[in-house]
Structure formats: structure tokens, C-alpha cells
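Results of the structural survey
In case you want the letters, here they are:
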Amino acid sequence: MEHFEGRVAVVTGGAGGIGRAMGEAFGHEGMRVVLADVQAEPLDATVAELRADGLDVIGVVTDVSSYESVESLRDRTLEAFGGVHVLCNNAGIGAGAEGRMWGHDLMDWNWAIAVNLMGVVHGINAFVPAMLEGGDEGHVVNTSSGNGGISPLPGSPQYAVTKAGVVTLTECLYGQLQDEGAPIGASVLFPGPHMLRTGLFESWRSRPDRYAKTRPRVSPYTTVEDLEEQMAAAGITVSFTPVEEVAERVVAGIRSGDFWIHPASERSDDQLRARTESILTRSNPSYLRAVPG
Ligand SMILES: NC(=O)c1ccc[n+]([C@@H]2O[C@H](COP(=O)([O-])OP(=O)(O)OC[C@H]3O[C@@H](n4cnc5c(N)ncnc54)[C@H](O)[C@@H]3O)[C@@H](O)[C@H]2O)c1
């Protein structure tokens, strides 16, 4: 998709972090932007700030784990702006499971699958038909993660499994859009190359009652600071990637039609190579790590 000016972008998980940065970047390209998020207060604050900067932005409170809610988001978008060209299925959560996976609360699985995986499916089902009907060029960007998308961190199976799923479903989407000869591209986004200091470690804030844990957590939730400590203890240099850098890469990736929006990183390439090599040589996984890095 080459032309951004005057076109419409929808970003889920847009109240903060990477979603907000993408919305801002699209706004600066002259796009009309719909930010969707399940957290109303931060969403309102973000929309007010971006509008004060002169960007054409609206906010729609949306829970991507509910198809009806994503359908309403589409209807509000069409009502407000008359079309849709870019869809970023970006809302995501860390389930916050603790201990070994055979003891994990099934609600942690249900919540992660509902938001990280079904949230993307809901976005595709609700928006792609409207994008095709509009007849213009367009693009779908689905946010995955190196954790799962490249190789899994065994400590967070819900996250890794759902983010691996996002890669596969985006490959299928790309293949089907190509088969149709549709003017719509698809990309999978790996934010990075380093971790991002966002609200992801406070995902519990956006957990709805219907996916509440069936028993309380025993240990406190892991914070970015805890993770920094663990990485430093494992001898890994801790660096963070600014969200603005990821957003710039998304705009460039859409413009050049790149399927993989994946920053060059020796570390990530080594992980991918080691995993692929393990599969190709039928050797047992020796690439699994305890912490990101
Ligand atoms: N932060 C990182 O290091 C990192 C790395 C790789 C991938 N990611 C992915 O990037 C995406 C954005 O995350 P972020 O890092 O900006 O974190 P974030 O927590 O700042 O942003 C995620 C947003 O999604 C919203 N959200 C949660 N559940 C929702 C729901 N059911 N419906 C609608 N919105 C919902 C949250 O309220 C939040 O505003 C996620 O998919 C995440 O998995 C993040």
C-alpha cells in the first residue's frame, strides 16, 4: 500500500505502548485513525493527547476477545470515516501464569487464546470483507513476538503458543489474499529487536471478569524490572527498543509490502537458525532459554 494520506487505519490495543505509537505514526502520515482498546480511561487520555497534536483520531472501547465488540468497532469505523484501509491486530496480553504448565490455571490459557489469537481472528473476520468491498489497496498487520513467533520461552507457554499461532494465521491470510488477487497485503510484526518498556507486564489490568483466574496468584506478577534483573543475572545485556522505532518500521513495511516486519537482529536470527536446524536434523531442542535475550 503506497498511499496513506486521507486513508483510514484501525489499531487495536491502541491506548498505549506499540498500538499508540502506530496510531501516532499513521496520524502523522495524514491518515484518519481509530484507536481501539478495552481500557477506557487510558484510551480517552491517549485520544485527547493525539488530537491536541492535531491528529485525526477517534477512540472506540473494544474487547477484541468478543466478536460482537469487534463488529461494533468496524461499524463505528465505517460510520465515522466511511472505509478502512489498514488494520493492526495488535492488542495482546501476557497471561501471568506461574509455576509449571501442568499446574497452570486453564483460565490463563482461555484468556490468552481469546485475546492474542481469537482477537486477531475476530479482526480479520469483521474487517477484511469491508476492506475487500471498499476495493482500495489496504493492509493487515498482526502483532506476534519473537517469543513464540521465532522460538518459545518455556516459561510463558500461553504467550508463546498464541504468538506462534499469529504467525501461521497471518501466513494463511497472506496466501488467501494472494490467491484472490486482492489489493490487500498482510504482515506479521515482531516488535524489537529488544524488549519494549510497555504495559505488557501489567496485562492483569485489562483482564475481564469472565477470564478471571480460578485461584489467586501465589507470587507477585513479574515486572519489567524483575526481568531486567533476571537477564543481568544470566549475563545478558539489557536494552530496550523505543515504541516509535517499531511504529516507523510498520509504516515502512506496509509501504513496501513486506510480509515479515522483523528488525535485523543477530540474536533473533541465531535463535531461528538453531530451532530450524533442530527440526531439520531431528535433534532435540537445545535452544530453549529461560529469559528473553
Ligand atoms: N512489549 C514487548 O516487549 C513486546 C514484544 C513482542 C510483542 N509484543 C506485542 O505487542 C503488542 C502490543 O503490546 P505492548 O507491548 O504495546 O503492551 P501494552 O500492554 O502497552 O499494550 C497492549 C494494549 O492492549 C490492550 N488490550 C488488552 N486486552 C485487550 C482486549 N481484550 N481488547 C482490546 N484491547 C486489549 C491493553 O489495554 C493495552 O493497552 C501485543 O500484542 C504484545 O504481545 C510486545
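Described in the following lines is the structure provided in the data block. (Residues numbered from 1 in each chain as written. Predicted model: local features only at pLDDT ≥ 70, side-chain atom pairs only at ≥ 80, totals over all residues. Heavy atoms only, no water.)

**As for the site of the ligand**
Close to the ligand lie 27 residues; Asp 37, Asn 90, Tyr 159, Lys 163 and Thr 198 are nearest. One nitrogen or oxygen atom from the side chain of Asp 37 is found 2.6 Å from an oxygen atom belonging to the ligand. Interatomic distance of 2.9 Å between a backbone N/O atom of Val 64 and a nitrogen atom of the ligand. For the ligand, whose unbound accessible area comes to 820 Å², protein coverage reaches 94%. Classifying every residue of the shell around the ligand by side-chain character gives 12 nonpolar, 12 polar and three charged. (Near = heavy atom within 4 Å. Polar contact = N/O pair within 3.5 Å; in protein donor to acceptor, adjacent residues only side chain to side chain. Areas by Shrake-Rupley, 256 points an atom, 1.4 Å probe, with all protein chains shown as cover. Nonpolar A, V, L, I, M, F, W, Y, C, P; charged D, E, K, R; others polar.)

**Some remarks on the sheet that holds strand E6 (residues 184–189)**
Judged by pairing direction, the sheet is parallel, and its seven strands sit side by side in the order E3-E2-E1-E4-E5-E6-E7 without closing on themselves. Each edge of the open sheet carries a strand with a single partner, namely strand E3 (57–61) and strand E7 (260–261). By the bridge criterion, four bridges tie strand E4 (residues 86–89) to strand E5 (residues 138–143) in an arrangement that is parallel. Across the sheet, the residue bridging to Asn 89 is Asn 142, located in E5. (Pairing = 2+ DSSP bridges. Helix = DSSP H or I, 4+ residues; strand = E, 2+ residues; numbered from the N terminus.)

**Here we look at the nonpolar core**
Across soluble globular proteins, you tend to see nonpolar side chains buried next to one another. Formed by 40 residues in total, the largest nonpolar core has its most connected members in Val 10, Val 34, Leu 73, Phe 127, Met 131, Val 140 and Leu 177. Within the residue set of this core, elements represented by two or more residues are strand E1 (8–12), strand E2 (32–37), E3, helix H3 (67–81), helix H4 (106–134), helix H6 (157–180) and E6. The greatest single-element share of this core, amounting to 11 residues, is contributed by H4. With residues near it in sequence (within four places) discarded, Leu 177 still touches Val 128, Ala 182, Ile 184, Gly 185 and Ala 186. Within the second largest apolar cluster, 30 residues are counted, among which are Met 22, Leu 35, Val 141 and Val 250. (Core = buried A, V, L, I, M, F, W, Y, C linked by side-chain atoms within 4.5 Å. Buried < 20%, exposed > 50% of the residue type's maximum accessible area, 1.4 Å probe, protein only. Contact = heavy atoms within 4.5 Å.)

**A look at H6**
The end-to-end C-alpha distance of H6 is 34 Å, a good match for the 34 Å that 24 residues give at a rise of 1.5 Å each. Residue Gly 181 follows H6 closely and has a positive phi angle near 65°. (Expected span 1.5 Å × (residues − 1).)

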